[in-house]
Amino acid sequence: MRIASKGITKEFIRSSKGTNRLVAVAPADLEIAEGKLTLLMGRSGSGKSTLLNMLAGLLTPTSGTLTYDGSDIYAMNDDALSLFRCEHIGVIPQGQTAVHSLNVLENICLSYMIYPGNESREAVRSRAETLMKKLGIAELENAMPSELSGGELRRMAIARAMIREPDIIFADEPTCDLDDENTLIVLDILKEAAQSGTSVFMVTHEKDAENFADISLEMSSGTLSES
Amino acid sequence: MKLTESLSFRNVKGRPARSAVLLILTVIMTAAVVCGIMTVSSLRAGLGALEARLGADIMVVPASAVSKKNFENIVLQGSMGYFYMDSSYYDKVAEREGIEKVSPQLFLASASAGCCSVPLQIIGYDPETDFTVSPWIKKSAGGTLGDYDVVVGNDLSVFVGGTITFYGVECKVAAKLDKTGTDLDTAVYTNMNTIKKLIASSIEMGMNDFRDIDPDHSVSCILIKVADGYPVDEVLNDLNLHVRRTKSFRTKDMISGVSDSLSGVSVMIGVLMCAVIILGIVILFLAFTMSVNERKKEFAVLRITGASRKKLSGIVMSEALIIALSGGVIGTAVALLIMLPFNGIIEESIGLPFLMPDALMIAVMCAAALAVSAACGAAAAAYSARRISRIDTGVILRGDN
Ligand SMILES: Nc1ncnc2c1ncn2[C@@H]1O[C@H](COP(=O)(O)OP(=O)(O)O)[C@@H](O)[C@H]1O
Ligand SMILES: [Mg+2]
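Only a predicted model underlies this, so the values are computations on that prediction, with no experimental measurement involved.

## Side note on the overall build of chain A
Each helix and strand counted, chain A has 7 helices and 10 strands in total. Against the globule reference of 17 Å for 227 residues, chain A gives a C-alpha radius of gyration of 18 Å, in line with a compact fold. Principal-axis analysis of the C-alpha atoms places the extent of chain A at approximately 50 × 40 × 35 Å. By the burial criterion, 55% of the 227 residues in chain A qualify as buried. As displayed, chain A offers around 9,800 Å² of accessible surface, 46% of which is attributable to carbon and sulfur atoms. Positive and negative side-chain charges in chain A, numbering 21 and 33 respectively, have mean positions lying 5 Å apart.

This is the structure we're talking about:
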């Protein structure tokens, strides 16, 4: 899937009077390479997450357009965009993100609770099991999120983002609170996903991640550049 | 993996303590509503039955009865007092103008009977002229009421055709009356001749309670139906003016006392019910607001996995409805378990005519209470649902570092 942004911008209004505007993302033209791992680096507060959220269809830009295979996704209504995100876009957010009333397997299959689709339950389950095995959390299938470590939770979130075999995965600092071993596991998985044809767009602080990246981008005070 | 089980249901199940508290709250709320409307409608029905049952437009009693405390009970509970006047008043009353029907009654008490644990009233009446008892016969053995035949109130556990014994005199149950929800339900009606025999027998048995009553020449009250074309008030004034040493009442006015205290009780119950509902909504509102606020991040996760804004509010609303409806069902059941077996005790403690609605009406009330409970849940959750649908996913998921 071709994902391209044209002049995509985000401004936040900082004061209540609306006079103090903050340009979090300056007009950015970007095309996400298909089947590649794209890395976005930059200092904290430089606008990386804001850009990622806009690219993932989660944050409406102040101006500019974002097209997936030529169609402007922010022109869709919320229902259509939500379904589109569900089927085509996987997101691994920052921090711990589990639904606490569901076990690990159910968390991974969460999107099927929202849109069941027409796949058989067995097919979904076997894909979830394959993913869990690959991520090394196969034995945790029936565990509750509260029983998991940070690294395991992150791997669960990765599996949740990958379960529908999306065209693109957005990962916002997926390694930031992990130890070296878990960091390597996560980077490996994302690299492998890219190699198998899924585009991956990852925001990170991790210097080591550059070794895994196909393309590296840099963000500084809201301005995007290639590094 | 139960993908078919709804997320809302899992969320409710996943927080057992919180859900239990909210469930108990809705149980109390619904139970209060069901008990409230059942009590009020029972009181209404009781009043209606009492009004219809009195049947007469005017009731004439001895003037001395008015000062007696038991007169109040006639009005409030349909129970009879013990006061007597000479039967010559019957003729005096009957010859006044504007009177269509007139029938005397004589009140007698029986401390106990072969059948019943409650003290019951024995009322002598005149089947020839009666127009207030006969219309309420529900089941009759047929034929005319002869000596030793009795007509019993609905609460006496004897069958039509069976027998019942007073002061050693065996009487035949000739008919049973409809329920009124008042003390009249434990009354026994019989003709004056039988009353005479009962009194004689009681004296023979050494009970001197009725020694002073001369059943041939005594009545307790005289019931009057005013002829068409005569205003009841005029007839009433005429009786009060010309039939001395008696007091005539308009039965509607007697009832008005009941209906006054009934509307008092109804208002009180209504206020209590509203208070419980409002309190319930406020607590539910706070609980839902807090719980949704607490789970903002989970809703953001749902959003990134593809939930539309509508779906997010849908999840919050269904959580509320799951709790409100299950609480409603349990609450209704609890209310029925209170009202059905204990309505006698409730009736006694309120001291007003109390007639439970029939099964169909009860079903309608329960359905209404369920609807109220669901509406309360929906109202309490609406704000949270609306707020969560405006969630800013980006902001929430940034807030971690
Ligand atoms: N919802 C918001 N309202 C106001 N300012 C925001 C909002 N989101 C982000 N910002 C600001 O935009 C800038 C970029 O934020 P962010 O994209 O989260 O940076 P990064 O992910 O690179 O650390 C920051 O200065 C931040 O304070
Ligand atoms: Mg960030």
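From this point, the discussion proceeds with the structure in view.
## A look at the sheet that holds strand β6 (residues 89–92) of chain A
Residue and element names in this part refer to chain A. Spatially, the 6 strands line up as an open sheet ordered β6-β7-β8-β3-β9-β10, and their pairing is mixed. Lying at the two open borders of the sheet, with one neighbouring strand each, are β6 and β10 (223–226). Put simply, the sheet's adjacent strands are angled 20 degrees from each other on average, direction ignored. Packing of helix α6 (residues 150–162) onto the sheet brings it into contact with β6 and β7 (168–172), and relative to β6 it is tilted by some 170 degrees. Its contacts with the sheet put helix α7 (residues 180–195) on β3 (37–42), β6, β7 and β8 (199–203), and the angle it makes with β8 is roughly 145 degrees.

## Let's talk about the site of ligand 1
Contacts to ligand 1 come from 14 residues, most closely from Gly45, Lys48, Ser49 and Thr50 of chain A together with Arg398 of chain B. Ligand 1 sits at the junction of chains A and B, each of which supplies nearby residues. Within the backbone of glycine 45 of chain A, a nitrogen or oxygen atom sits 2.7 Å from an oxygen atom of ligand 1. One nitrogen or oxygen atom from the main chain of lysine 48 of chain A is found 2.9 Å from an oxygen atom belonging to ligand 1. Starting from 560 Å² of accessible surface for ligand 1 in isolation, the protein chains cover 80%. Breaking the shell around ligand 1 down by element, the ones donating at least two residues are β2 (21–32) and α1 (48–55) of chain A together with α12 (393–398) of chain B. With 3 residues, α1 of chain A is the single largest residue contributor to the shell around ligand 1. The residue makeup of the shell around ligand 1, split by class, is 4 nonpolar, 6 polar and 4 charged.

## Re the nonpolar core
If you look at the biggest cluster of nonpolar residues, it comprises 61 residues, and the most contacted ones within it are Tyr68, Leu110, Phe170 and Phe201 of chain A together with Phe299 and Leu302 of chain B. If near-sequence neighbours (up to four positions away) are discounted, phenylalanine 170 of chain A is found in contact with Ile32, Leu52, Leu55, Ala56, Tyr68, Ile89, Gly90, Val91, Ile92 and Phe201 of chain A. Core analysis: the next-biggest nonpolar cluster, separate from the first, contains 41 residues, Tyr112, Met156, Met202 and Phe212 of chain A among them.

## What about the interface of chain B and chain A?
On the chain A side, the residues contacting the 30 residues of chain B number 35 residues. For the pair chain B and chain A, the summed buried surface comes to about 2,900 Å²; carbon and sulfur atoms form 57% of the total. Put simply, chain B and chain A have 4 salt bridges between them. Among the ionic pairs, aspartate 78 of chain A bridges to arginine 309 of chain B, the shortest N-O distance being 4.0 Å. Our enumeration of links across chain B and chain A arrives at 11 residue pairs in polar contact (both at pLDDT 80 or more).

## Examining the side chain of serine 82 of chain A
Take serine 82 of chain A: it is sitting in helix α2 (residues 78–88). Among the residues examined, serine 82 of chain A registers a relative accessible area of 0% and is labelled buried. A distance of 3.5 Å separates the side chain of serine 82 of chain A from the side chain of arginine 303 of chain B, its partner in a polar contact. Other than its neighbours up to four places away in sequence, serine 82 of chain A contacts Tyr115 of chain A together with Arg303, Gly306, Ala307 and Ser308 of chain B.

## Some thoughts on the sheet that holds strand β5 (residues 71–72) of chain A
Residues and elements named next belong to chain A. Taking strand neighbours across the sheet as the criterion, the 4 strands line up as β2-β1-β4-β5 in an open arrangement whose pairing is antiparallel. Two strands bound the open sheet, and with one partner strand each, they are β2 and β5. Across 8 bridges, the pairing between strand β1 (residues 3–13) and β2 is antiparallel. For glutamate 11, the partnering residue across the bridge sits in β2 and is valine 23. Lying on the sheet, α1 is in contact with β1, β2 and β4 (63–68); it crosses β1 at an angle near 125 degrees.

## Here we look at the environment of proline 104 of chain B
All names here are of chain B. Tracing the backbone through its elements, the reader meets proline 104 in strand β3 (residues 99–110). Proline 104 gets classed as buried once you look at its relative accessible area, which sits at 8%. Spatially, the C-alpha atom of proline 104 lies 10 Å from that of aspartate 91, the residues being 13 residues apart in sequence. Excluding residues within four positions of it along the chain, proline 104 makes contact with Tyr90, Gly124, Tyr125, Asp126, Thr129, Met192, Val219, Cys221 and Ile222.

## Let's talk about the domain arrangement of chain B
All names here are of chain B. Considered domain by domain, chain B is made up of domain 1 (2–49 + 258–398) and domain 2 (54–250). The C-alpha centroid of domain 2 is placed 48 Å from the C-alpha centroid of domain 1. Taken together, the contact pairs 10 residues of domain 1 with 7 residues of domain 2. Of the roughly 680 Å² buried between domain 1 and domain 2, counting both surfaces, carbon and sulfur atoms make up 54%. Interface area lost by domain 1 to domain 2 is led by Ala49, Val258 and Leu355, which between them contribute 47%.

About the cut-offs
- Residues numbered from 1 in each chain as written.
- Chains lettered and ligands numbered in written order.
- Predicted model: local features only at pLDDT ≥ 70, side-chain atom pairs only at ≥ 80, totals over all residues.
- Heavy atoms only, no water.
- Helix = DSSP H or I, 4+ residues; strand = E, 2+ residues; numbered from the N terminus.
- Rg over C-alpha atoms; globule rule 2.2 N^0.38 Å.
- Buried < 20%, exposed > 50% of the residue type's maximum accessible area, 1.4 Å probe, protein only.
- Areas by Shrake-Rupley, 256 points an atom, 1.4 Å probe, with all protein chains shown as cover.
- Lys, Arg positive; Asp, Glu negative; His and termini not counted.
- Charge placed at Lys NZ, Arg CZ, Asp CG, Glu CD.
- Pairing = 2+ DSSP bridges.
- Axes fitted to C-alpha atoms, helices over the stretch in contact; angles between N-to-C directions.
- Contact = heavy atoms within 4.5 Å.
- Near = heavy atom within 4 Å.
- Polar contact = N/O pair within 3.5 Å; in protein donor to acceptor, adjacent residues only side chain to side chain.
- Nonpolar A, V, L, I, M, F, W, Y, C, P; charged D, E, K, R; others polar.
- Core = buried A, V, L, I, M, F, W, Y, C linked by side-chain atoms within 4.5 Å.
- Buried area = accessible area lost by both parts, 1.4 Å probe.
- Salt bridge = Lys/Arg side-chain N within 4 Å of Asp/Glu carboxyl O.
- Domains from an automatic or database assignment.

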